[in-house]
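Architecture at a glance
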Amino acid sequence: MKKIGIIIGSTRPGRKSPLIAEWFYANLSHPELNFEVIDLKDHPLPFLDEPQMPQTGIYTKQATKAWSQTIAALDGFIFIVPQYNWGYPAVLKNALDYLYQEWQGKPACLVSFGGHGGTQVQLALRLVFQGLKMPVTAVAPQISLAPSASEAEALEVLEAYRPLLPALATEFLRLTK
């Protein structure tokens, strides 16, 4: 069974990312895939402080070793990422930059959201994933969601993306072989 991590890419108070991650977790299913929600808030990483380059895989800090084990155990990722000022949160970039080999070759699905759907997040993270040698899934929802949206409104918006879920599961199966 393939394990797919759903990474909550923001730690900001009042964030919508956990709601979106939990919706994907509750609604994505396939008998050959197992999903797990990973909240960056539960993996506090100081601003990159390892003395060696991530490509070496030589980690000296306990937080880095734990992060490495978490990511290495997974076969692919769904990144739930809000668009902040036409970019993605620094906490996500820091988490990505801590590792290298653990990400390589593992597929990434970008789920961006914001007032305009997170188009700029999609563009920027595709370049980062290219550098990490991570194939990006063709299914990449850009969810238009007002920052003031209530939980009920957000869930209603998310329902429009339900038809994409079988294609996303199929893509993960194809890319993780």
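Residues numbered from 1 in each chain as written. Predicted model: local features only at pLDDT ≥ 70, side-chain atom pairs only at ≥ 80, totals over all residues. Heavy atoms only, no water.

So, the overall build of the protein
A tally of helices and strands in the protein yields six helices and five strands. If you list the helices and strands of the protein from N to C, you get β-α-β-α-β-α-β-α-β-α-α. Over its C-alpha atoms the protein spans a radius of gyration of 15 Å, differing by no more than 12% from the 16 Å that the globule rule assigns to 177 residues. C-alpha extents for the protein along the principal axes are approximately 45 × 35 × 25 Å. (Helix = DSSP H or I, 4+ residues; strand = E, 2+ residues; numbered from the N terminus. Rg over C-alpha atoms; globule rule 2.2 N^0.38 Å.)

Some details on the pairing of strand E1 (residues 2–8)
Taking burial as the measure, the seven residues of E1 include five buried ones, the bulk of the element. Strand direction decides the pairing type here: E1 and strand E2 (residues 33–39), joined by seven bridges, are parallel. Across the sheet, Ile4 pairs through a bridge with Phe35, a residue of E2. Of the crossover connections in this fold, the one passing from E1 over helix H1 (residues 17–27) to the parallel E2 is right-handed. Across five bridges, the pairing between E1 and strand E3 (residues 76–82) is parallel. Across the sheet, residue Ile8 finds its bridge partner in E3, namely Ile80. (Buried < 20%, exposed > 50% of the residue type's maximum accessible area, 1.4 Å probe, protein only. Pairing = 2+ DSSP bridges. Right-handed = clockwise from strand over helix to strand, strands pointing away.)

Notes on the pattern of salt bridges
Summed over all chains, the structure comprises four salt bridges. Between Glu159 and Arg162 there is a salt bridge, with its nearest N and O atoms 2.8 Å apart. Residue classification places Glu159 among the partly exposed residues on the basis of a relative accessible area of 35%. For Arg162, a relative accessible area of 34% puts it in the partly exposed group. With its nearest N and O atoms 3.7 Å apart, the salt bridge here joins Glu171 to Arg174. Here the residue Glu171 and the residue Arg174 both occupy positions in helix H6 (residues 165–175), the gap between them amounting to three residues, near one helical turn. Judged by its relative accessible area of 9%, Glu171 falls in the buried class. Among the residues examined, Arg174 registers a relative accessible area of 53% and is labelled exposed. (Salt bridge = Lys/Arg side-chain N within 4 Å of Asp/Glu carboxyl O.)

What to know about the packing of H1 against helix H5 (residues 151–159)
For the pair H1 and H5, the least separation of the axes is 11 Å and the interaxial angle reads 45 degrees. By the angle between their directions, the pair H1 and H5 is classed as oblique. Considering only the axes of H1 and H5, their crossing is right-handed. Contact with H1, carried on its side by Leu19, Ile20, Trp23 and Phe24, involves Glu151, Ala154, Leu155, Leu158 and Glu159 of H5 and no other residues of that element. (Axes fitted to C-alpha atoms, helices over the stretch in contact; angles between N-to-C directions. Parallel < 35°, antiparallel > 145°, perpendicular 65-115°, else oblique. Left-handed = near helix turned anticlockwise from the far one by under 90°. Contact = heavy atoms within 4.5 Å.)

With respect to the pairing of E3
Most of E3 sits out of view: seven of its seven residues are buried. Burial of the side chains of E3 extends over both faces: Gly76, Ile78, Ile80 and Pro82 are buried on one face and Phe77, Phe79 and Val81 on the other. Taken together, the six bridges between E3 and strand E4 (residues 108–114) define a ladder with parallel strand orientation. Bridge assignment links Val81 to a residue of E4, and that residue is Ser112. With helix H3 (residues 90–97) bridging E3 and its parallel neighbour E4, the resulting β-α-β unit is right-handed.

Things to note about H6
Within the sequence span of H6, burial applies to Leu165, Leu168, Ala169, Glu171, Phe172 and Leu173. In the core, the buried residues of H6 are packed alongside E1, H1, E2, E3 and E4.

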